[in-house]
Amino acid sequence: MPESTVLRAKAPLRISFSGGGTEIEPFLSEEGGCVLTSTINSYAHGSFVSRNDGTIRVHSVDYDIVESFSAYSKLEYDGSLDLFKGVINQVVGKDNKGMNIFLETGVPPGSGLGASSAVVVCLVGLLREAYNLSIDQYQISELAYKIEREELGIHGGMQDQYAACFGGINFIEFSAEGVVVNPLRVRTEIINELEHNLLLCHTGKSRASSHIIEHQVSNYEDKNKRNTLRNMKIITQEMKVALLKGDLQEFSYLLGQEWESKKSLSNRISNDSIDEIYDICLKAGAIAGKISGAGGGGYLLLYCPFEKKHIVTRELQDNNIKIRPFSFTSEGLEIWRPLMNSGVKNGRD
């Protein structure tokens, strides 16, 4: 029996500081959008093992699902493992003889950290390596976007795919002409100080981001909503400058301004539960914060002066709100072959 191809991959999750919503159609094509985002040390992990028996076996740890499919027919979308099916249908052609796929992110569904897009990027990267596809970072990101938004019809923006693929702190510009990822050369001491002053906590609720974004898009013809998106672009550009200069006081102020602007796009972005947690944090000493992602739940990012951070942390813990420690990362999608003694023998179950 021929030796199996064994591959591993990981793609980082991200925190969105500003601009989310400006990279969604039709605003993107009509006026262009921009986001300020950074990847963190949480990952979508994937593993690929080739098979030759025409069977595709997928294990999703996050959803506690193990399913098998035929490699010789198009996979039908039925609400179970559709992200995986979309990648297979779009990336793998007649060379598909079967495979084992293992997937895990370690964050709750609807986290607001771009986990689903990181999974797609991770899978596309694995299959690029397994099938020797000549596609670069931009093409992987674009393909991941098309699989989610066009093939599967999931409403959303474009930042998550590019953040997961490129990694690092980026100012990403979107227009009808294409996407440009601008890596920011932020000094190490600024990054360290920013990490020292940020908290990430889970609101206790997950959310279906596509529904929130669909509602946001439906409000697009409202002149005030479009003006809000324009203002968010200005905030994002100013936040980029503040970060590069190390003016974290201005950065924290703009973070709060971005959240107030974002909330006005749809009444589904925040809710009483999120507002209550936010108020608790502000009273305990946090300066500003915002939901990471589309809103409605998931993770809340807070800027706290370091001497107040322990007080905010205690208040959150007293209210049974879980804090997720994190640090910023500079690497994006990574793919490698495991060591020979890692325990993988072949592609069978």
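Residues numbered from 1 in each chain as written. Predicted model: local features only at pLDDT ≥ 70, side-chain atom pairs only at ≥ 80, totals over all residues. Heavy atoms only, no water.

**Q** Give me the packing of helix α3 (residues 115-130) against helix α4 (residues 137-151): which residues, what numbers.
**A** The contact between α3 and α4 brings their axes to 9 Å, and the two run at 125 degrees. Our classification of the angle between α3 and α4 gives oblique. Crossing handedness for the pair α3 and α4: right-handed. Contacts between α3 and α4 pair Ser116, Ser117, Val120, Val121, Val124 and Arg128 from the former with Ile140, Leu143, Ala144, Ile147, Glu148 and Arg149 from the latter. (Axes fitted to C-alpha atoms, helices over the stretch in contact; angles between N-to-C directions. Helix = DSSP H or I, 4+ residues; strand = E, 2+ residues; numbered from the N terminus. Parallel < 35°, antiparallel > 145°, perpendicular 65-115°, else oblique. Left-handed = near helix turned anticlockwise from the far one by under 90°. Contact = heavy atoms within 4.5 Å.)

**Q** Any chance you could break down the packing of aromatic side chains for me, citing the residues and the numbers?
**A** Centre distance and the angle of the planes are the two values used to describe a pair of aromatic rings. Summed over the entire model, instances satisfying the criterion amount to 9 aromatic pairs. Geometrically, the ring pair formed by Phe17 and Phe328 is edge-to-face, given 6.2 Å between the ring centres and 65 degrees between the ring planes. Of this pair, Phe17 sits in strand β1 (residues 6-18) while Phe328 sits in the loop between α11 (306-318) and β11 (334-336), and the two are 311 residues apart along the sequence. Of the two residues examined, Phe17 and Phe328, each falls in the buried class. An angle of 75 degrees between the planes, with centres 6.4 Å apart, marks the rings of Phe48 and Tyr131 as edge-to-face. With a gap of 83 residues between them, Phe48 in strand β2 (residues 33-50) and Tyr131 in the loop between α3 and α4 connect regions that are remote in the sequence. Residue Phe48 is classed as buried on the basis of its relative accessible area of 2%. One aromatic cluster is present, formed by Phe17, Phe251, Phe326 and Phe328 through successive ring pairs. The ring centre of Tyr43 lies 4.3 Å from the NZ or CZ of Lys10, which sits over that ring. Positioned above the aromatic ring of Phe171 is the side chain of Lys240, whose terminal nitrogen or guanidinium carbon lies 4.4 Å from the ring centre. (Phe/Tyr/Trp six-rings, centres within 6.5 Å; stacked < 30°, edge-to-face > 60°. Buried < 20%, exposed > 50% of the residue type's maximum accessible area, 1.4 Å probe, protein only. Lys NZ or Arg CZ within 6 Å of the ring centre and 35° of its normal.)

**Q** Go over the environment of Leu152 with me, naming the residues and quoting the values.
**A** By the secondary structure assignment, Leu152 is in the loop between α4 and α5 (159-166). Residue classification places Leu152 among the buried positions, given a relative accessible area of 19%. For the pair Leu152 and Gly79, spaced 73 residues apart in sequence, the C-alpha separation works out to 10.0 Å. Not counting chain neighbours up to four residues away, the residues in contact with Leu152 comprise Tyr77, Asp82, Leu83 and Ile147.

None of this, on its own, says anything about what the molecule does.
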